[in-house]
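Below, each chain spelled out in residue letters.
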Amino acid sequence: MYSLVLFVLLAALQDASMSLAQIEAEALNNNPEIRSLEKQVSVAEARAGSAMAIDDPEFTYRAWGTPMLEPWNVNQTQQMFMFSQKVPSRSKRELRYLIAADDTAIHALAVEAKKREVAGFVRRAFYQLLRSYDQLRLHHEQATLAE
């Protein structure tokens, strides 16, 4: 992560007209972790829409007691057909929706935290690089004076 920030900064220094805000914007737009977290937010939002849904109905067939010597004889087989559907109460569906909405909010906060972390890395690397250039400039000035 830190090397990616330094790479962006060094590339930005090739074009000396970039400011710190532009470098931050470039790092935030090209960070794969942020894009991944943003995709997770969209997935969580999609799940929140289906949280209030009722479960699908189920159809089940069971057969037992089939004679071993005549498995094709379905007249002696005991058969059972079942149709069922779980219908949770409205309050449980609302709770599922609230949980899904909280999950979406948590993912959105994770995106914001990652953006702040990347911005912090960029600023730290920018000012370290700036300090290094200032130290190098001072060294060259002192070397010139010493000559």
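From a predicted model like this one, the values you see are computed outputs, not experimental measurements. (Residues numbered from 1 in each chain as written. Predicted model: local features only at pLDDT ≥ 70, side-chain atom pairs only at ≥ 80, totals over all residues. Heavy atoms only, no water.)

Colleague: Just to check I follow, could you spell out the pattern of salt bridges for this structure?
Modeller: One side chain can pair with another of opposite charge once the charged atoms of both are near each other. According to the stated counting rule, one finds 8 salt bridges in the structure shown. The partner of Glu38 in a salt bridge is Lys115, and the shortest N-O contact between them spans 3.7 Å. Linking Glu38 in helix H3 (residues 32-49) with Lys115 in helix H4 (residues 90-146), this pair joins segments that are 77 residues apart in sequence. On the accessibility criterion, Glu38 (37% relative accessible area) is partly exposed. The shortest N-O distance in the salt bridge between Arg90 and Glu94 comes to 3.4 Å. In this pair, Arg90 and Glu94 are both assigned in helix H4, 4 residues apart and thus about one turn of the helix distant. Here Arg90 falls in the exposed class, since its relative accessible area comes to 52%. Taking the relative accessible area as the measure of exposure, Glu94 reaches 36% and is therefore partly exposed. (Salt bridge = Lys/Arg side-chain N within 4 Å of Asp/Glu carboxyl O. Helix = DSSP H or I, 4+ residues; strand = E, 2+ residues; numbered from the N terminus. Buried < 20%, exposed > 50% of the residue type's maximum accessible area, 1.4 Å probe, protein only.)

Colleague: Explain the packing of helix H2 (residues 20-29) against H4 here, please?
Modeller: Between two packed helices, both the angle of their axes relative to each other and the distance between the axes serve to describe the pair. Their axes nearest at 10 Å, the elements H2 and H4 cross at an angle of 135 degrees. As far as their axial angle goes, H4 and H2 are oblique. Note that H2 runs across H4; the crossing there is right-handed. For the pair formed by H2 and H4, the contact residues are Leu20, Ile23, Glu24, Ala27 and Leu28 on the first element and Lys115, Val118, Ala119, Val122, Arg123, Phe126 and Tyr127 on the second. Taken together, the residues of the contact of H2 with H4 sort by class into 9 nonpolar, no polar and 3 charged. (Axes fitted to C-alpha atoms, helices over the stretch in contact; angles between N-to-C directions. Parallel < 35°, antiparallel > 145°, perpendicular 65-115°, else oblique. Left-handed = near helix turned anticlockwise from the far one by under 90°. Contact = heavy atoms within 4.5 Å. Nonpolar A, V, L, I, M, F, W, Y, C, P; charged D, E, K, R; others polar.)

Colleague: I'm lost on the nonpolar core in this one. Help?
Modeller: Soluble globular proteins tend to pack their nonpolar side chains together in the buried interior. Ranked by size, the top nonpolar core spans 7 residues in total: Leu20, Ile23, Ala27, Ile34, Val118, Val122 and Phe126. Counting only elements with at least two residues in this core, the list comes to H2 and H4. (Core = buried A, V, L, I, M, F, W, Y, C linked by side-chain atoms within 4.5 Å.)

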